[in-house]
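# Breakdown of the fold
Chain by chain, the residues:
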Amino acid sequence: MSIIKRNRNSFSAIPALVDDFLGRELFNWDNSNFSSTQTTVPAVNIKETEDSFGVEVAAPGLEKKDFKIQLENNLLTISSQKEVHGENQHEGYSRREFSYQSFQRSFVLPKDVVNDEGIVARYENGLLQLVIPKKEEAKEKGPRLIEIG
């Protein structure tokens, strides 16, 4: 890897714009775990069974109280905010540290399929799990044998 020095002057608005555009990972389509602010967005697994949808969000280091899960119409939104402050005073100096972590993921669920009264969420060992049951009329039914009379 080489280091390239860039000299910028007051007339470099267009090159700076080009650098910003080309500096992004345009061809790395698999790198979807980063937001536009370069913060990590948790990985999500979604599975569908004949009775329900399952959503798993990998979010270690958080607590139950840090999450907000909202279903509005057929839009499921999972978000989290965590703020940590620390202060250490020792013999004439003090040190303060703080961190702020947040994310939001939204998913469109099939319309008129979800039983929103039966949604269950659980957070354990860094994994948020949601079970979203389907309405009885939306569940896939097996083939029916029709007798000839």
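Residues numbered from 1 in each chain as written. Predicted model: local features only at pLDDT ≥ 70, side-chain atom pairs only at ≥ 80, totals over all residues. Heavy atoms only, no water.

One pass over the structure, following the stated rule, counts 4 salt bridges. The partner of glutamate 87 in a salt bridge is arginine 96, and the shortest N-O contact between them spans 3.6 Å. What makes arginine 96 exposed here is its relative accessible area of 64%. Its salt-bridge partner being glutamate 124, residue arginine 122 comes within 3.7 Å of it at the nearest N-O pair. Classification of arginine 122 by relative accessible area gives partly exposed; the value is 48%. A relative accessible area of 46% places glutamate 124 in the partly exposed class. (Salt bridge = Lys/Arg side-chain N within 4 Å of Asp/Glu carboxyl O. Buried < 20%, exposed > 50% of the residue type's maximum accessible area, 1.4 Å probe, protein only.)

Hydrogen bonds along the backbone pair up the strands of a sheet, which may run parallel or antiparallel. Here we have 3 strands laid out as an open sheet, ordered E3-E4-E5, and antiparallel in their pairing. One side of each edge strand has no neighbouring strand; the edge strands of this open sheet are strand E3 (67-72) and strand E5 (93-108). Each adjacent strand pair in this sheet contributes to an overall mean axis angle of 10°, direction not counted. Of the pairings in the sheet, the one linking strand E4 (residues 75-90) to E5 comprises 16 bridges and is antiparallel in character. Looking across to E5, one finds that serine 79 is bridged to glutamine 104. (Pairing = 2+ DSSP bridges. Helix = DSSP H or I, 4+ residues; strand = E, 2+ residues; numbered from the N terminus. Axes fitted to C-alpha atoms, helices over the stretch in contact; angles between N-to-C directions.)

The sheet built from 4 strands is open, its strands ordered E1-E2-E7-E6 with antiparallel pairing. Two strands lie at the open edges of the sheet, namely strand E1 (44-48) and strand E6 (120-124), each paired on one side alone. Strand-to-strand twist of the sheet, defined as the mean angle between neighbouring strand axes without regard to direction, takes the value 15°. Relative to strand E2 (residues 52-58), E1 runs antiparallel, the two being bridged by 5 bridges.

Residues Leu76, Ile78 and Ile132 are the most contacted members of the largest nonpolar core, which totals 17 residues. Mapped onto this core, the elements with two or more residues apiece are E2, E4, E5 and strand E7 (127-133). Apart from the residues within four sequence positions on either side, leucine 76 is in contact with Val55, Ile69, Gln70, Leu71, Arg105, Ser106, Phe107, Leu109, Leu130 and Ile132. (Core = buried A, V, L, I, M, F, W, Y, C linked by side-chain atoms within 4.5 Å. Contact = heavy atoms within 4.5 Å.)

Positive phi is not limited to glycine here, since asparagine 73 has a value of about 55°. The topology assignment puts asparagine 73 in the loop between E3 and E4.

Our focus in this paragraph is the environment of valine 84. For valine 84, the position within the fold is in strand E4. As for valine 84 and glutamate 97, which are separated by 13 residues in sequence, their C-alpha atoms are 8.2 Å apart.

Attention now goes to the packing of aromatic side chains. The tally for this structure, following the rule as stated, stands at 2 aromatic pairs. Arranged with centres 6.5 Å apart and planes meeting at 70°, the rings of phenylalanine 67 and phenylalanine 103 form a pair that is edge-to-face. With phenylalanine 67 in strand E3 and phenylalanine 103 in strand E5, this residue pair connects regions lying 36 residues apart in the sequence. Take phenylalanine 67 and phenylalanine 103: they sit in the same class, and that class is buried. Here phenylalanine 67 and tyrosine 123 contribute two aromatic rings whose centre-to-centre distance is 4.9 Å and whose plane-to-plane angle is 55°, an arrangement assigned as tilted. With phenylalanine 67 in strand E3 and tyrosine 123 in strand E6, this pair connects stretches of sequence that are 56 residues apart. The burial state of phenylalanine 67 is the same as that of tyrosine 123; both residues are buried. (Phe/Tyr/Trp six-rings, centres within 6.5 Å; stacked < 30°, edge-to-face > 60°.)

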